[in-house]
Amino acid sequence: MKKLNKIIFTISLMSLLSLYAFAESDGEKAFKNNNPSLAALLLEQEIEAGTASATAYNYLGLSYYQLGDYGKSVEAFAKGLSVTGTNKKILAYNQGNSYYAMQDFENAAKAYSLTLTADPKYTKALLNRANAYLMAKDYNNAILDYEKFIIMEPQDEQRPQIEELLALLRKEKARIEEEERIAAAEAARIAEEEERMRQEMERQRLEQERLEEEARLERERIAEEERLAREKEEAERRAAEEERRRKLLEDVANSLQDTDSANMSAGAGDLLDFDYESELD
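Note that the structure is a prediction, hence the values are computed from the model and not measured.

Enquirer: What exactly am I supposed to notice about the packing of aromatic side chains here?
Expert: Aromatic ring pairs are described here by two measures, namely the spacing of the ring centres and the angle between the planes. Within the structure shown, the criterion is met by five aromatic pairs. Arranged with centres 5.2 Å apart and planes meeting at 70 degrees, the rings of Tyr93 and Tyr122 form a pair that is edge-to-face. One end of the pair, Tyr93, is in helix H6 (residues 88-101); the other, Tyr122, is in the loop between helix H7 (105-118) and helix H8 (123-135), with 29 residues separating them in the sequence. Judged by relative accessible area, which is 13%, Tyr93 ranks as buried. On the accessibility criterion, Tyr122 (15% relative accessible area) is buried. Consider the rings of Tyr100 and Phe105, whose centres lie 5.1 Å apart with planes at 75 degrees: the pair is edge-to-face. According to the relative accessible area criterion, Tyr100 is partly exposed, its value standing at 29%. Through a chain of ring-to-ring contacts, the aromatic side chains of Tyr93, Tyr112 and Tyr122 assemble into a single cluster. Sitting over the ring of Tyr122, Lys89 keeps its end group 4.2 Å from the ring centre.

Enquirer: What is the right way to read the packing of helix H4 (residues 56-66) against H6 from this model?
Expert: Pairs of packed helices are described in terms of their axes, by the angle between the two and the distance that separates them. Running from N to C, H4 and H6 point in directions that differ by 15 degrees, and their axes come no closer than 10 Å. Of the possible angle classes, the one that applies to H4 and H6 is roughly parallel. Seen from above, H4 lies across H6 with left-handed handedness. For the pair H4 and H6, contact is made by Tyr57, Asn58, Leu62 and Tyr65 and by Ile90, Leu91, Asn94, Asn97, Ser98 and Ala101, respectively. Class assignment of the residues belonging to the contact of H4 with H6 gives a composition of six nonpolar, four polar and no charged.

Rules and cut-offs
- Residues numbered from 1 in each chain as written.
- Predicted model: local features only at pLDDT ≥ 70, side-chain atom pairs only at ≥ 80, totals over all residues.
- Heavy atoms only, no water.
- Phe/Tyr/Trp six-rings, centres within 6.5 Å; stacked < 30°, edge-to-face > 60°.
- Helix = DSSP H or I, 4+ residues; strand = E, 2+ residues; numbered from the N terminus.
- Buried < 20%, exposed > 50% of the residue type's maximum accessible area, 1.4 Å probe, protein only.
- Lys NZ or Arg CZ within 6 Å of the ring centre and 35° of its normal.
- Axes fitted to C-alpha atoms, helices over the stretch in contact; angles between N-to-C directions.
- Parallel < 35°, antiparallel > 145°, perpendicular 65-115°, else oblique.
- Left-handed = near helix turned anticlockwise from the far one by under 90°.
- Contact = heavy atoms within 4.5 Å.
- Nonpolar A, V, L, I, M, F, W, Y, C, P; charged D, E, K, R; others polar.

See below:
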């Protein structure tokens, strides 16, 4: 009997705890009563007080989303993603929708990817990620996600529109690839032309340097020849001047030389002593 009572008590306690756990807070009630302004205020207070449930972050993000404050909506979902026990799949999905509304398609795709990590079969996130890729002009990934969505949801009512969109995307992708090919070829041609011009300019520069060097050497040669000519001329002038002075001295010396026999002197008293025997008796 005691054992039965204990079991009944345990079941009753668990039931009470379950009811308490799933009891709606004032903030959640305000949200469900279509009062997002009041809901956001109350939910912020509940989170701050530590009395919020695991779903409070999702309701808070949705409240800000309905108010058009997508930045705060993203922040609320981000807070919820960092809390243990919250529904990461739904929080990430709703965060992706908030990013999408902000036209931040890159982060929207990342949020949807997080959702698909939590639940790879959540095709709503797959389709929304395809749309985000499309808006971000990431056509390759958009095509992959749309194709995957059709495979996973072959009976989806949007399939005709998606297939039509895929056909347009494939054409657009082909057009872009052709434009990129043409642009790459043109860029290569321009680069080749620029390299040719660079080489030509380098050749001209080297040729100019060669001509300038030849001109410099020619100037030096002419200057050396002129210097040698001046030195030769100066040497010849000095030699001529030396010869002139020599001749002048010779002329002066010759003019002073007395060669008249009457004026010649024998020396020693001008007498010559001849020692010989006279032939006369």
